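If you want the building blocks of each chain, they are given just below.
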Amino acid sequence: MPPPTRRLTFRRMVEDDLDAMARLLGDPVVMAHYPRPKTRDEALAWIEWCRRGYARDGFGLWVIEDHDGGFVGDCGLTWQRLDGVDELEVGYHVVADRQGEGLGSEAAAACVDFARSRGVERVIAIIRPDNRASRRVAEKVGLELDRTSVMHDLDVVVYARG
Ligand SMILES: CC(C)(COP(=O)(O)OP(=O)(O)OC[C@H]1O[C@@H](n2cnc3c(N)ncnc32)[C@H](O)[C@@H]1OP(=O)(O)O)[C@@H](O)C(=O)NCCC(=O)NCCS
């Protein structure tokens, strides 16, 4: 996983993170650009999906914490099939009361660097068009608007680097 950044540490998600992950992914503010917030069972499935990624790929979405151990959210790399191509996506979710501090961008930049350190140059972000904060994070970590597309029947914009 990426090394610690100035304000954040990455670690693997574990089942004990269920309370924090269910609060994060169940928050209508955090999930405003998703079809709906996730249930507790869906948050558990999310943790299991991340853990399958660690086992299979060596990466996934990791928990991000501040240096006091405070839960900030998740950020990491996952394979996504888009337009028939497997692409490495950087993804990020920050708890509502820590948004706007630059933490999402700090975490995403570390993940893009991590991908590059593993020899993967091309990283994308798949974003709902009206998700201005996410688009800005993508731009700030060096991704550029690539195209529009459709994923799970939803219009998306695709940012890419490499
Ligand atoms: C996207 C997200 C992770 C960004 O996290 P964050 O820690 O708040 O991001 P940052 O503080 O690094 O801010 C990133 C940039 O977005 C901008 N921004 C934040 N909210 C914005 C908004 N509503 N409209 C426009 N720009 C916005 C910030 O001003 C900043 O840009 P700047 O440095 O040029 O001023 C966070 O908003 C979030 O968790 N959103 C919900 C989950 C989500 O949608 N994830 C992405 C799915 S594709």
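For clarity, every value in this text was computed on a predicted model and none was experimentally measured. (Residues numbered from 1 in each chain as written. Predicted model: local features only at pLDDT ≥ 70, side-chain atom pairs only at ≥ 80, totals over all residues. Heavy atoms only, no water.)

**Q** Give a description of the nonpolar core that names residues and reports values.
**A** For soluble globular proteins, nonpolar side chains are generally found buried alongside one another. Counting residues in hydrophobic clusters, the biggest one holds 45 residues, and the most contacted among them are Met13, Leu77, Val90 and Tyr92. With eight residues, the single largest contributor to this core is helix α3 (residues 103-117). Filtering out sequence-adjacent residues up to four positions away, Tyr92 remains in contact with Asp74, Cys75, Ala108, Ala125, Ile127, Ser134, Val137 and Ala138. If you look at the next biggest cluster of nonpolar residues, it comprises seven residues, including Ile124, Val156, Val158 and Ala160. (Core = buried A, V, L, I, M, F, W, Y, C linked by side-chain atoms within 4.5 Å. Buried < 20%, exposed > 50% of the residue type's maximum accessible area, 1.4 Å probe, protein only. Helix = DSSP H or I, 4+ residues; strand = E, 2+ residues; numbered from the N terminus. Contact = heavy atoms within 4.5 Å.)

**Q** Which residues make up the UniProt feature "domain: N-acetyltransferase" (unreviewed entry) in the protein chain, and what values go with them?
**A** Using the residue numbers shown here, the UniProt feature "domain: N-acetyltransferase" (unreviewed entry) corresponds to residues 8-162. Its end C-alpha atoms 26 Å apart, residues 8-162 is made of 32% helix and 34% strand. (UniProt positions renumbered as here; feature names shortened; annotations may be inferred.)

**Q** Explain the layout of surface pockets to me, using residue names and the numbers behind them.
**A** The gaps of empty space that remain are located by a probe, the size of a water molecule, rolled over the atoms. Of the voids in this model, the largest pocket is the one considered here, and its volume is about 1,200 Å³. What lines the largest pocket is a set of 45 residues, among which Tyr34, Tyr92, His93, Ile126 and Asn131 lie closest to the centre. (1 Å grid on protein atoms, 1.4 Å probe; cavity = no way out; pocket = protein on both sides within 12 Å on 5 of 7 lines; lining within 4 Å. Points joined across faces, edges and corners; volume = space filled by probe spheres on them.)

**Q** So what's going on with the pairing of strand β2 (residues 61-66)? Residues and values would help.
**A** Taking burial as the measure, the six residues of β2 include six buried ones, the bulk of the element. With burial as the criterion, each face of β2 is covered, one bearing Leu61, Val63 and Glu65 and the other bearing Trp62, Ile64 and Asp66. Across four bridges, the pairing between strand β1 (residues 8-11) and β2 is antiparallel. Of the residues in β2, the one forming a bridge with Arg11 is Val63. Examined bridge by bridge, β2 and strand β3 (residues 71-82) share five bridges and lie antiparallel to one another. Bridging across to β3, Glu65 finds its partner in Phe71. Where β2 hands over to β3, the hairpin turn is made up of four residues, of which Gly69 adopts a positive phi near 85 degrees. (Pairing = 2+ DSSP bridges.)

**Q** With reference to specific residues and values, describe the site of the ligand.
**A** What surrounds the ligand is a group of 20 residues, the closest being Gly102, Gly104, Ser105, Arg136 and Lys140. Between an oxygen atom of the ligand and a side-chain N or O atom of Gln99, the distance comes to 3.3 Å. Between the ligand and Glu101 there is a distance of 3.4 Å, counted from an oxygen atom to a backbone nitrogen or oxygen. In isolation the ligand exposes 940 Å². Once the protein is present, 71% of that is buried. Of all the cavities here, the one that holds the ligand is the largest pocket. The element contributing the most residues to the shell around the ligand is helix α4 (residues 132-140), with six residues. (Near = heavy atom within 4 Å. Polar contact = N/O pair within 3.5 Å; in protein donor to acceptor, adjacent residues only side chain to side chain. Areas by Shrake-Rupley, 256 points an atom, 1.4 Å probe, with all protein chains shown as cover. Sits in = over half its atoms within 2 Å of the grid points.)

**Q** Break down the pattern of salt bridges for me, with residues and values.
**A** If you walk through the whole model with that rule in mind, you get 16 salt bridges. With a closest N to O distance of 3.0 Å, Asp86 and Arg81 form a salt bridge. With a relative accessible area of 47%, Asp86 lands in the partly exposed category. Relative accessible area serves as the criterion here: at 52%, Arg81 is assigned to the exposed category. Between Glu101 and Arg98 there is a salt bridge, and its shortest N-O distance comes to 2.9 Å. Since its relative accessible area comes to 34%, Glu101 is described here as partly exposed. Residue class for Arg98 comes out partly exposed when judged on its relative accessible area of 22%. Residues joined in a network through salt bridges with shared partners are Asp83, Glu87, Arg122, Asp146 and Arg147. (Salt bridge = Lys/Arg side-chain N within 4 Å of Asp/Glu carboxyl O.)

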